[in-house]
Amino acid sequence: MKRRDFLRLLPMSAALTLPMMQPARAQSLWDMMNRNQSLTDAEREANSAAAIASIDTVEPILSYDTANNLQLAIGQYEPFVNAGGWEQVPQETYGLSMGMAREGVVQLKRRLLSSSDMPMVENVDGTFDAATDAALRHFQARHGLQVTGQVDEATWYTLNVPAETRLHQLRLNLLRVQNMAPALANRYVVVNIPAAFIETVENGMVVKRHTAVVGRIDRQTPILKSRIHQINFNPYWNVPVSIIRRDLIKYMNENPNYLTEQKIRILDGNGQEIQPSSINWQTEEAVNYRFRQDPGPLNSMGNVKINFHNPHAVYLHDTPTKGLFGDNARFYSSGCVRVDQVQDFVGWVLRDNAAWGPTEIGNVFANGERTDVDVQSPPEIHTTYISAWANRNGVVSFRDDVYEFDMAGKVTFEA
């Protein structure tokens with residue numbers, strides 16, 4: 001179920017107030033009495049670290065291990081769903097966090113017990129205690145949410161996705177993983193679009209996971225298979241025609257100095273620079289020219305572009321807007337993929353290039369030198385769509401069906 005569909009099922013008054021939802025009641029006497037039931041910053045950090053460690057195992061998302069773990073998860077979810085699944089949590093749970101004791105805590109605890117985020121207890125009381133904090137952080141981690149220990153809007157919505165929907169995701173993604181696992185190389189990169197993360201994999205184990213920003217819903221990152229063959233350090237950015245048409249013309253109408261401020265030059269068919277004032281921005285005349293952004297701190301690709309052959313003109317790259325890596329839903333790009341901690345990623349890709357160790361890569365990042373490097377032993381790259389998986393800890397992770405491939409029941413994709 002998509003968030004917009006779920007909102008339709010709420011009473012009209014709740015649906016209208018959700019985006020600005022506040023805790024249903026003012027701070028109660030119970031809340032004030034339970035302030036002493038608090039955690040230190042170190043204890044909160046320990047709960048977050050334990051939650052993240054539970055999902056950060058070494059088996060790749062595309063592997064026989066994951067397929068086996070998904071089968072085990074399906075076996076656990078099927079009887080639970082047949083028995084009715086878990087309850088929806090009420091609006092009163094919104095805003096709950098450590099130390100509160102009010103209506104909604106009991107329902108929250110029962111929900112966390114149902115999905116095995118919280119160990120079984122003899123009595124479920126109405127106090128948001130340390131065990132509830134740990135359980136909620138565990139839930140947030142395995143759903144790719146910010147691990148805050150508070151029921152924010154994204155967490156509230158995710159708690160209310162039905163168990164039937166989750167079982168459907170498990171079944172579909174088992175088939176997807178089973179289809180892809182047999183054909184993988186020994187060394188490869190996976191971009192998992194719904195999770196917006198990247199795995200570098202070698203010898204059947206994850207070397208590192210990188211947070212990513214992927215294509216927005218109307219400009220999707222394509223599903224493909226290729227090999228990373230070249231690294232461009234401090235690159236120019238040649239603006240795709242689609243972005244000229246959709247974005248640059250609009251930006252220039254809003255701010256005639258936009259191209260100058262962003263260090264984007266306009267080149268004609270002979271490679272000669274022309275001035276923005278010579279173009280009629282009330283038309284689509286601009287698509288007849290080439291737009292190129294200079295290397296530097298404003299460049300949309302940051303310090304590096306990572307190339308692989310494909311018919312979609314997409315690639316991986318750095319970004320100057322690194323704050324987006326901290327968001328829950330990282331679907332902002334026009335199809336290309338932005339990579340967090342990209343310097344480490346490039347180091348892994350160039351592992352067999354003798355002249356390009358961590359020091360050399362760090363130097364070229366720092367000095368801004370325009371350099372292209374062909375990759376020795378190019379690793380495979382797979383962009384794919386896995387919205388549910390399970391690991392050796394028995395932890396099941398889910399992500400939203402952002403491109404609605406789960407809704408369509410898609411198991412295989414043209415790559």
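The structure presented is a predicted model; accordingly, all values stated were derived computationally and were not measured. (Residues numbered from 1 in each chain as written. Predicted model: local features only at pLDDT ≥ 70, side-chain atom pairs only at ≥ 80, totals over all residues. Heavy atoms only, no water.)

## Here's the deal with the packing of aromatic side chains
Part 1 of the reasoning: For the structure shown, the criterion picks out 13 aromatic pairs.
Part 2 of the reasoning: Ring centres of Tyr 251 and Tyr 258 lie 5.0 Å apart, and the angle between their planes is 50°; on these two criteria the pair is classed as tilted.
Part 3 of the reasoning: Between Arg 292 and the ring centre of Tyr 236, over which it is positioned, the NZ or CZ distance is 4.1 Å.
Part 4 of the reasoning: The ring centre of Tyr 315 lies 4.5 Å from the NZ or CZ of Lys 305, which sits over that ring. (Phe/Tyr/Trp six-rings, centres within 6.5 Å; stacked < 30°, edge-to-face > 60°. Lys NZ or Arg CZ within 6 Å of the ring centre and 35° of its normal.)

## Topic: the nonpolar core
Part 1 of the reasoning: Formed by 57 residues in total, the largest nonpolar core has its most connected members in Ile 228, Ile 231, Phe 233 and Phe 291.
Part 2 of the reasoning: Sequence-distant contacts of Ile 231, defined by excluding residues within four places in its chain, comprise Val 304, Lys 305, Ile 306, Val 346, Val 349, Leu 350, Thr 371, Asp 372, Val 373 and Val 375.
Part 3 of the reasoning: In this structure, Ile 61, Ala 67, Leu 174 and Tyr 188 belong to the second largest nonpolar core, which totals 27 residues. (Core = buried A, V, L, I, M, F, W, Y, C linked by side-chain atoms within 4.5 Å. Buried < 20%, exposed > 50% of the residue type's maximum accessible area, 1.4 Å probe, protein only. Contact = heavy atoms within 4.5 Å.)

## Looking at the packing of helix H5 (residues 64–82) against helix H9 (residues 163–180)
Helix packing for two helices is described by the angle between their axes and how far apart those axes are.
Part 1 of the reasoning: With their axes 9 Å apart at the nearest point, H5 and H9 run at an angle of 155° to one another. What the angle tells us is that H5 and H9 run roughly antiparallel. As H5 packs across H9, the resulting crossing turns out to be left-handed. For the pair formed by H5 and H9, the contact residues are Thr 66, Ala 67, Leu 70, Gln 71, Ala 73, Ile 74, Tyr 77, Glu 78, Phe 80 and Val 81 on the first element and Ala 163, Glu 164, Arg 166, Leu 167, Leu 170, Arg 171, Asn 173, Leu 174, Val 177 and Gln 178 on the second. (Axes fitted to C-alpha atoms, helices over the stretch in contact; angles between N-to-C directions. Helix = DSSP H or I, 4+ residues; strand = E, 2+ residues; numbered from the N terminus. Parallel < 35°, antiparallel > 145°, perpendicular 65-115°, else oblique. Left-handed = near helix turned anticlockwise from the far one by under 90°.)

## Structural notes on the sheet that holds strand E7 (residues 273–274)
Part 1 of the reasoning: Pairing within the open sheet is antiparallel, and its four strands lie in the order E5-E8-E6-E7. Of all the strands in the sheet, the pair left with one neighbour each is strand E5 (237–238) and E7.
Part 2 of the reasoning: In this structure, E5 lies alongside strand E8 (residues 290–293), joined through two bridges in antiparallel fashion. Within the sheet, the bridge partner assigned to Asn 238 lies in E8 and is Arg 292. (Pairing = 2+ DSSP bridges.)

## Focus on the domain arrangement of the protein
Part 1 of the reasoning: Considered domain by domain, the protein is made up of domain 1 (43–164) and domain 2 (186–398).
Part 2 of the reasoning: Contact residues are listed per partner, giving 23 residues for domain 1 and 25 residues for domain 2.
Part 3 of the reasoning: For the interface between domain 1 and domain 2, the tally reads two salt bridges.
Part 4 of the reasoning: Counting across the interface, domain 1 meets domain 2 through 15 residue pairs in polar contact (both at pLDDT 80 or more).
Part 5 of the reasoning: When contributions to the side of domain 1 that touches domain 2 are tallied by element, the ones reaching two or more residues are helix H4 (41–55), H5 and helix H7 (130–142).
Part 6 of the reasoning: Considering every element that reaches the side of domain 1 that touches domain 2, the biggest residue donor is H5, with six residues. (Domains from an automatic or database assignment. Salt bridge = Lys/Arg side-chain N within 4 Å of Asp/Glu carboxyl O. Polar contact = N/O pair within 3.5 Å; in protein donor to acceptor, adjacent residues only side chain to side chain.)

## What about the UniProt feature "active site" (unreviewed entry) in the protein?
Part 1 of the reasoning: Taken from the UniProt record, the annotation "active site" (unreviewed entry) applies to His 317 and Cys 336. In three dimensions, the annotated residues from a span of 20 residues occupy one location, with a maximal C-alpha spread of 7.7 Å.
Part 2 of the reasoning: The topology assignment puts His 317 in strand E10 (residues 316–317).
Part 3 of the reasoning: His 317 has contacts with Ser 300, Met 301, Val 304, Lys 305, Cys 336, Val 337, Arg 338 and Val 339, leaving out every residue within four places of it along the chain.
Part 4 of the reasoning: Tracing the sequence through the fold places Cys 336 in the loop between strand E11 (331–333) and strand E12 (337–339).
Part 5 of the reasoning: Exposure remark for Cys 336: the relative accessible area of 13% places this residue in the buried category. (UniProt positions renumbered as here; feature names shortened; annotations may be inferred.)

## Side note on helix H12 (residues 342–349)
Part 1 of the reasoning: Taken together, the buried positions of H12 are occupied by Val 342, Phe 345, Val 346, Trp 348 and Val 349. In an axial view of H12, the angular spread of the buried residues amounts to 160°, which keeps them on one side of the axis. (Arc of directions from axis to C-beta.)

## A look at the pairing of strand E9 (residues 304–308)
Part 1 of the reasoning: Counting buried residues along E9, five of its five residues qualify, which places the element largely inside the surrounding structure.
Part 2 of the reasoning: Judged by which residues are buried, E9 turns out to be covered on both faces: Val 304, Ile 306 and Phe 308 on one side and Lys 305 and Asn 307 on the other are all buried.
Part 3 of the reasoning: Pairing of strand E4 (residues 224–233) with E9 involves five bridges; the strand directions are antiparallel. Opposite Phe 233, over in E9, you have Val 304 as the bridge partner.
Part 4 of the reasoning: Summarising the sheet, E9 and E10 pair through two bridges and their orientation is antiparallel.

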